[in-house]
Amino acid sequence: MFGFISQPAYMPCDECGASLRVDEHDEHVCSDARRLEYQLCQLRSEVEAFDDQLAAYLESPHGRFELWYVERERNR
């Protein structure tokens, strides 16, 4: 039934996400900028959630204490 499934000609680089021909995968060198952009893209949901998580923490009893303590130490 599924006798032939062709292999893709291009695959993404695991480090930077660049689309590479399968036969050129070993020669590829990732650029630092592209690697950083790819990693940020993968972490986008965590980065976007940070502000909400920080605000929720600062409204908690522990967060309010931290704010009070920092303010007290700064005024010393």
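Residues numbered from 1 in each chain as written. Predicted model: local features only at pLDDT ≥ 70, side-chain atom pairs only at ≥ 80, totals over all residues. Heavy atoms only, no water.

(A) Expanded view of the confidence of the model for the chain. Of the residues in the chain, 96% have a pLDDT of 70 or more, and the chain-wide mean is 91. Per-element confidence in the chain ranges from a low mean pLDDT of 91 for strand 1 (residues 10-12) to a high of 96 for helix 3 (residues 61-74). (pLDDT = per-residue confidence, 0-100. Helix = DSSP H or I, 4+ residues; strand = E, 2+ residues; numbered from the N terminus.)

(B) Just the nonpolar core, in detail. In terms of nonpolar packing, the biggest core is built from five residues, these being Cys13, Cys16, Ala18, Leu20 and Cys30. Discounting residues that sit within four places of it in the chain, Ala18 has contacts with Met11, Pro12, Cys13, His28 and Arg34. (Core = buried A, V, L, I, M, F, W, Y, C linked by side-chain atoms within 4.5 Å. Buried < 20%, exposed > 50% of the residue type's maximum accessible area, 1.4 Å probe, protein only. Contact = heavy atoms within 4.5 Å.)

(C) The arrangement of a nonpolar patch on the surface in detail. A contiguous nonpolar patch, built from Phe50, Leu54 and Tyr57 and spanning about 280 Å² of accessible area, is present on the exposed surface. Topologically, Leu54 is positioned in helix 2 (residues 44-59). (Patch = residues over 30% accessible without salt bridge, like charges linked within 9 Å, V, L, I, M, F, W, Y side chains within 5 Å. Areas by Shrake-Rupley, 256 points an atom, 1.4 Å probe, with all protein chains shown as cover. Salt bridge = Lys/Arg side-chain N within 4 Å of Asp/Glu carboxyl O.)

(D) Highlighting the packing of helix 2 against helix 3. For the pair helix 2 and helix 3, the least separation of the axes is 4 Å and the interaxial angle reads 80°. By the angle between their directions, the pair helix 2 and helix 3 is classed as roughly perpendicular. Contacts between helix 2 and helix 3 involve Tyr57, Leu58 and Glu59 from the former and Pro61, His62, Gly63, Arg64, Glu66 and Leu67 from the latter. The residue makeup of the contact of helix 2 with helix 3, split by class, is four nonpolar, two polar and three charged. (Axes fitted to C-alpha atoms, helices over the stretch in contact; angles between N-to-C directions. Parallel < 35°, antiparallel > 145°, perpendicular 65-115°, else oblique. Nonpolar A, V, L, I, M, F, W, Y, C, P; charged D, E, K, R; others polar.)

(E) Molecular detail of the packing of aromatic side chains. If you walk through the whole model with that rule in mind, you get two aromatic pairs. Aromatic pair Phe65 and Trp68: ring centres 5.6 Å apart, planes at 35°, arrangement tilted. In this pair, Phe65 and Trp68 are both assigned in helix 3, three residues apart and thus about one turn of the helix distant. By relative accessible area, Phe65 is classed as partly exposed at 45%. Arranged with centres 6.0 Å apart and planes meeting at 20°, the rings of Phe65 and Tyr69 form a pair that is stacked. Here Phe65 and its partner Tyr69 are both found in helix 3, four residues apart, which amounts to about one turn of the helix. (Phe/Tyr/Trp six-rings, centres within 6.5 Å; stacked < 30°, edge-to-face > 60°.)

(F) Representation of the pattern of salt bridges within the structure. Within this structure, the stated rule accounts for five salt bridges. Ionic pairing is found between Asp32 and Arg35, a salt bridge with its closest N-O pair at 3.2 Å. Of this pair, Asp32 and Arg35 both sit in helix 1 (residues 32-42), separated by three residues, roughly a single helical turn. Taking relative accessible area as the criterion, Asp32 reaches 60% and is therefore assigned exposed. Arg72 is the salt-bridge partner of Glu73, the closest N and O atoms lying 3.2 Å from each other. What makes Glu73 partly exposed here is its relative accessible area of 30%. A single network of salt bridges, built from pairs that share partners, joins Arg72, Glu73 and Arg76.

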